[in-house]
Amino acid sequence: MSKRILSGMQPTAQLHLGNYLGALKNWIGLQDEPGAENFYMVADLHAITVPQEPAHLRQATREIAAAYIAAGIDPHKSTLFVQSAVPAHAEGMWLLSTMAQMGKLERMTQFKDKAGKNAERVGLGLFAYPVLMAADILLYKATHVPVGEDQKQHLELTREIASTFNTRYEGEYLIQPEPMIIGDATRVMSLQDGSKKMSKSDPSEKSRINLVDDTDTIVKKIKKAKTDTEPMGDSLKSIEGRAEVKNLVTIYASLAGISQEEVVQRHAGTQWGPFKDALAEVVVEHLAPITKKMRDLLNEPEEIDRILETGNQRACEVTESTLSEMQDIMGFWRV
Ligand code: AMP
Ligand code: TRP
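Residues numbered from 1 in each chain as written. Chains lettered and ligands numbered in written order. Predicted model: local features only at pLDDT ≥ 70, side-chain atom pairs only at ≥ 80, totals over all residues. Heavy atoms only, no water.

## Some points on the site of ligand 2
The full set close to ligand 2 counts 14 residues, and Gln-10, Met-41, Tyr-129, Asp-136 and Gln-151 are the nearest of them. Gln-10 is positioned with one of its side-chain polar atoms (N or O) 3.1 Å from an oxygen atom of ligand 2. When ligand 2 sits alone it has 360 Å² of accessible area, and the protein chains cover 91% of it. Placement of ligand 2 is best described as lying within the largest pocket. For the shell around ligand 2, the secondary-structure elements that each account for two or more residues are strand E1 (4-9), helix H7 (124-138) and strand E4 (144-148). For the shell around ligand 2, the class distribution of residues is eight nonpolar, five polar and one charged. (Near = heavy atom within 4 Å. Polar contact = N/O pair within 3.5 Å; in protein donor to acceptor, adjacent residues only side chain to side chain. Areas by Shrake-Rupley, 256 points an atom, 1.4 Å probe, with all protein chains shown as cover. 1 Å grid on protein atoms, 1.4 Å probe; cavity = no way out; pocket = protein on both sides within 12 Å on 5 of 7 lines; lining within 4 Å. Sits in = over half its atoms within 2 Å of the grid points. Helix = DSSP H or I, 4+ residues; strand = E, 2+ residues; numbered from the N terminus. Nonpolar A, V, L, I, M, F, W, Y, C, P; charged D, E, K, R; others polar.)

Structure representation (C-alpha cells):
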C-alpha cells in the first residue's frame with residue numbers, strides 16, 4: 001500500500017522556532033519519499049476550540065500557509081489545504097464521535113491542561129478536539145502522521161477510533177495511522193527557562209524566536225537568552241543537566257545540520273558571549289530566507305489563496321470518497 005503522509009498546525013499564533021524545528025522542518029524531507037503522497041493542512045477548525053477574533057483567524061490562516069510554503073512545502077509535491085474549506089472534516093467528525101469514548105477523551109492531557117480547573121465551563125469543541133483530529137487523519141486514509149510528542153496521545157485515540165469502526169462494521173475500512181513522533185532531539189525550550197517548552201502562550205516575547213522576527217530582534221533575544229555561569233563544556237556529557245545550555249546547543253545543531261556533540265566540541269570552553277554570536281549567525285542565516293519568502297508571499301495574498309484553492313479541491317476529492325464510503329457502510333440513505 002502506498003504511503004500517505006498528513007499533518008497540520010493550528011493558526012492560533014505566529015509560528016516560532018519550536019514549531020519550525022519540532023514539526024515543519026521535518027515535513028519538508030518527507031515530500032521526497034518515493035511513492036508517498038503528502039497532505040499539509042491549516043487546522044482552522046481546531047483553532048476555534050478557544051475564542052478567535054474572525055479577521056485575525058482569517059489572516060493567521062494565510063500566514064501559516066505562507067510559513068509552510070516559505071519553509072519548503074512545495075505545492076507541486078504536496079497538497080496544501082485549509083481544514084474549514086473541506087466540509088468532510090466536520091461531517092466525518094460527527095460519524096466518528098459516536099465511536100469515541102468519553103472516558104478516553106477526559107484523559108487527554110492536552111484537554112486537562114487547557115480546561116484547567118474550569119472543566120465544567122469549557123466548550124464541547126475543546127473536549128471533542130481529538131475526534132476532529134481523528135477525522136482529519138482517517139478521511140485521508142493517512143498511513144503516517146508526523147507530529148510532536150505532545151500529539152502522540154491524540155494519535156493513539158485516532159487508532160482506537162479506526163479500530164472501533166472496523167470492528168463494528170466488520171471490515172478493514174479505516175487505516176490505523178503510524179505515528180511518526182519527532183523526538184526530544186528537536187524539542188525546543190524557552191530561551192528564558194530551560195525547563196519550559198518554547199511556546200506561543202508564554203507571556204514573555206524574549207522566551208521565543210518567531211519565524212517573522214527580523215535579524216535585530218533575533219540577535220537581541222539570543223543575547224538575552226539564559227545560560228549559566230560555567231563556560232561551554234567539552235563533550236555532550238559535560239553539559240548534561242544544564243538545561244539552558246543544552247537548549248542552545250540543540251537549536252544550533254538542528255539548524256546547522258550537525259550533531260550536538262560536534263557543536264559542543266567546536267565551541268569547547270567558549271564563553272557565552274562569543275557562542276551566542278555564533279548561534280545568532282546560524283539562526284539568522286537559516287531563518288532569513290524563510291522570513292523573506294514569507295513576507296513576499298504575504299504581499300501577494302492572491303498567490304497563497306490560489307495555491308490553497310487547488311489544494312482544497314484535491315482534499316475535497318479524497319475526503320468525499322472516504323466519507324461516502326463511511327456513509328454507505330453505516331447505512332445512510334444515498335441516492
Ligand atoms: P502548537 O504550537 O502547540 O499548536 O504545536 C504545533 C506543532 O509544533 C506540534 O506538532 C508541536 O509538537 C510542535 N511544537 C510546538 N512547540 C514546540 C517546541 N517548543 N519544540 C518542539 N516542537 C514544538
Ligand atoms: N492538533 C494538532 C496540533 O495542535 C494539529 C492537528 C490538527 C493535526 N489535525 C491534525 C496534526 C491531524 C496532525 C494530523 O498541533
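## Remarks on the packing of H7 against helix H8 (residues 152-168)
For the pair H7 and H8, interaxial distance at closest approach is 9 Å and the crossing angle is 65°. By the angle between their axes, H7 is roughly perpendicular relative to H8. The two elements H7 and H8 meet at a crossing, and its hand is right-handed. In this structure, H7 contributes Tyr-129, Pro-130, Met-133, Ala-134, Ile-137 and Leu-138 to the contact, and H8 contributes His-154, Leu-155, Leu-157, Thr-158, Ile-161 and Ala-162. (Axes fitted to C-alpha atoms, helices over the stretch in contact; angles between N-to-C directions. Parallel < 35°, antiparallel > 145°, perpendicular 65-115°, else oblique. Left-handed = near helix turned anticlockwise from the far one by under 90°. Contact = heavy atoms within 4.5 Å.)

## Notes on the domain arrangement of the chain
According to the domain assignment, the chain contains domain 1 (3-187 + 301-330) and domain 2 (212-296). Just the C-alpha atoms count here: the centres of domain 1 and domain 2 sit 31 Å apart. Each partner contributes to the interface: domain 1 provides 14 residues, whereas domain 2 provides 12 residues. Together domain 1 and domain 2 conceal approximately 1000 Å² of surface at their shared face, both sides included; 70% is due to carbon and sulfur atoms. Here domain 1 and domain 2 share zero salt bridges between them. Only helix H1 (17-30) and helix H3 (54-71) provide two or more residues apiece to the side of domain 1 that touches domain 2. Looking at which element gives the most residues to the side of domain 1 that touches domain 2, the answer is H3, with six residues. Residues belonging to the side of domain 1 that touches domain 2 are distributed by class as follows: nine nonpolar, two polar and three charged. (Domains from an automatic or database assignment. Buried area = accessible area lost by both parts, 1.4 Å probe. Salt bridge = Lys/Arg side-chain N within 4 Å of Asp/Glu carboxyl O.)

## Remarks on the site of ligand 1
Close to ligand 1 lie 14 residues; Asn-19, Asp-150, Val-188, Met-198 and Lys-200 are nearest. In this structure, an oxygen atom belonging to ligand 1 sits 3.4 Å away from a main-chain N or O atom of Gly-148. Within the backbone of Met-198, a nitrogen or oxygen atom sits 2.9 Å from a nitrogen atom of ligand 1. Considered on its own, ligand 1 offers 480 Å² of accessible surface; in the complex 86% of this is hidden by protein. Most atoms of ligand 1, that is more than half of them, are within 2 Å of grid points of the largest pocket. Among the elements that make up the shell around ligand 1, the one with the highest residue count is H1 (four residues). Class assignment of the residues belonging to the shell around ligand 1 gives a composition of four nonpolar, six polar and four charged.

## Focus: the packing of aromatic side chains
If you walk through the whole model with that rule in mind, you get nine aromatic pairs. Centroid distance Trp-27 to Tyr-68: 5.3 Å. Interplanar angle 80°. Geometry classified as edge-to-face. In this pair, Trp-27 is assigned in helix H1 and Tyr-68 in helix H3, connecting sequence segments 41 residues apart. Both residues of the pair, Trp-27 and Tyr-68, belong to the buried class. The interplanar angle of 75° and the centroid separation of 5.1 Å between the aromatic rings of Phe-111 and Phe-127 together place this pair among those described as edge-to-face. Pair noted here: Phe-111 is in helix H6 (residues 109-115) and Phe-127 is in helix H7, with a separation of 16 residues, a long-range link. No difference in accessibility class separates Phe-111 from Phe-127, as the two residues are buried. In textbook terms, an aromatic cluster arises when at least three aromatic residues are bridged by ring pairs, as seen for Trp-27, Tyr-40 and Tyr-68. (Phe/Tyr/Trp six-rings, centres within 6.5 Å; stacked < 30°, edge-to-face > 60°. Buried < 20%, exposed > 50% of the residue type's maximum accessible area, 1.4 Å probe, protein only.)

## A short note on the layout of surface pockets
By volume, the largest pocket is sized at about 1300 Å³. Taken together, the elements giving at least two residues each to the lining of the largest pocket come down to E1, H1, H6, H7 and E4. Here the lining of the largest pocket takes five residues from H1, the largest share from any one element. Residue composition of the lining of the largest pocket, by class: 17 nonpolar, 20 polar and nine charged. (Points joined across faces, edges and corners; volume = space filled by probe spheres on them.)

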